[in-house]
Structure formats: structure tokens, C-alpha cells
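Notes for the structure review
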Amino acid sequence: MCGRYGFIHSPEALQQEWGGLHVRGDFPPSYNRAPGQMHPVVRQAPDLSLELVPMRWGFLPGWSTRTHIRPINARAETVATQPLFREAFRARRALVPADWYFEWPFVPEDPSEKYPMLIRAQDHRILALAGIWDQHTTAEGQTEETFAIITVPALPALQHIHERMPLVLDRSHWPLWWHPHARRTHLEPCFQPADFSWESFPVSPRVNSTRYDTPEAVLPWNGTAPD
């Protein structure tokens, strides 16, 4: 599961770390990115260059008329075969830059409570979350591009937090991910998430609210009630 994440780097910093990108739009930082909002996504342009563009989180294929169904995640096990996702996975794969993601562990002693955890690389590298995207025409005649993040079973180091995690692509697999003729069998190596040193810690329950988008959202929480 991946239902909230943060990305605060500038396009210039992303270009420096990831290489040449054509930047299409403005991308203000956000500590608590949520579904339904616009976020930066890297995709392959028709000339095979890479571009950073704004997309809405909540996938809607161009052919669908059921605009109320907008999944935010696609499971790696079925993304190539599920009718909702398979064409986008074949032709419109993406990378979603993230500095961290949030997860809400299940607490058997108090299942009604939700206490968020922040998960990120120990070296604070920018994470490349695998995704898919598509575009559709709104009722007002506007073109809208949307995306979903692909999830996989969590790495052993993170299974105590949640059984699933976003698919973080190892950089060595990027050329394969962008190959325009790659199919699911070719892409098999990509579905093993990058395995580096991770760190995680609890953050304030205020993160539960999508309106809580401040630097304090990523500070370790000591378990006291918020003010």
C-alpha cells in the first residue's frame, strides 16, 4: 500500500540526481502528498526523452466512463493483466520521485487508532517509485493525466510496518523500464524493489490529515498527544 508520500526537492535538484529531464510545469514542495492532488511524474516523451510533468494521483484510463473509480495503487502481480491497468503498463510506464512515504501499521491492541510511520532511504536519496499513467478528457473537455503507484510485497526490513510497499526501482533497471518494447516478462528484474538501507520512525498523527503539510510532518514523534 502507498497512500501518502513526500517530495520536496526542486526540479533542478531532481535533474542533478537523475540526469536530464525536460521540466513541464511548476512543482512546489509537499511534505504530505495525497491522492486527488497534482504531483510531479517522470515519463517518456514521444522522442524517447524524459520529461517531468504534473499528473493527478488516482488512475483513470482514457476509455473509462466510471470517473469515480480512481485507484491510487496497482499491484505488481496483476498490473500487466488487469483490464484497468494493462494497456497503461504496456505503453505508459512512469517514475514518481519521492523523498519518503508514509505507512500506517496495524496495531492489534488498538485497531481503531492510526499512527503513521515515515519510511525513507537511510542516505536520504530520492526514491524512484514505479508507476503507470494515462490521460482522459473531462466532462468540461479538458485533458487530464492521472497516475497510480505500483506496489509489491514489502522487503523483509519493512514487513513489520506493512505487508506491501511501493515498488522502488533500482537505477540499474531504469533503461529496461523505459524500453518502449519491453513486456512483462522482459521487465521481471524490475519487480524486485531496490534493496538498500532503510530507516523508519513514527511521526505525528497530524499526518493523518491531508491538510497537514509542513516540515514538522517529517519529525520523529515521541508519542505525546498533539497540541
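Below you will find a few notes about this structure.

Parameters at a glance
- Residues numbered from 1 in each chain as written.
- Predicted model: local features only at pLDDT ≥ 70, side-chain atom pairs only at ≥ 80, totals over all residues.
- Heavy atoms only, no water.
- Phe/Tyr/Trp six-rings, centres within 6.5 Å; stacked < 30°, edge-to-face > 60°.
- Helix = DSSP H or I, 4+ residues; strand = E, 2+ residues; numbered from the N terminus.
- Buried < 20%, exposed > 50% of the residue type's maximum accessible area, 1.4 Å probe, protein only.
- Lys NZ or Arg CZ within 6 Å of the ring centre and 35° of its normal.
- Salt bridge = Lys/Arg side-chain N within 4 Å of Asp/Glu carboxyl O.
- Disulfide = S-S within 2.5 Å.

**Details of the packing of aromatic side chains**
Evaluation of the coordinates by the stated rule reveals ten aromatic pairs. Judged by centre distance (5.7 Å) and plane angle (20°), the ring pair of Tyr 115 and Trp 221 falls under stacked. One end of the pair, Tyr 115, is in the loop between β8 (100–103) and β9 (117–121); the other, Trp 221, is in the segment after β13 (198–202), and 106 residues separate them in sequence. By relative accessible area, Tyr 115 is classed as partly exposed at 34%. An angle of 25° between the planes, with centres 4.7 Å apart, marks the rings of Phe 196 and Trp 198 as stacked. Across the pair, exposure class does not vary: Phe 196 and Trp 198 are buried alike. A connected cluster of aromatic rings, assembled from ring pairs, spans Tyr 5, Trp 57 and Phe 147. Directly above the ring of Trp 177 sits Arg 93, whose terminal nitrogen or CZ lies 5.7 Å from the centroid.

**Focus: the pattern of salt bridges**
For the coordinates displayed, the defined rule picks out eleven salt bridges. Close ionic contact of Arg 43 with Glu 51 constitutes a salt bridge, the shortest N to O distance being 2.7 Å. Exposure class is identical for Arg 43 and Glu 51. Each is buried. With its nearest N and O atoms 2.6 Å apart, the salt bridge here joins Arg 184 to Glu 188. Its relative accessible area of 24% is what places Arg 184 among the partly exposed residues. Three or more residues joined by partner-sharing salt bridges are found here, namely Arg 24, Arg 43, Glu 51 and Glu 145.

**Topic: the state of the cysteines**
Enumeration over the complete set of coordinates arrives at zero disulfides. There is no disulfide at Cys 2, and the cysteine sulfur nearest it, in Cys 190, is 18 Å away. Judged by its relative accessible area of 0%, Cys 2 is buried.

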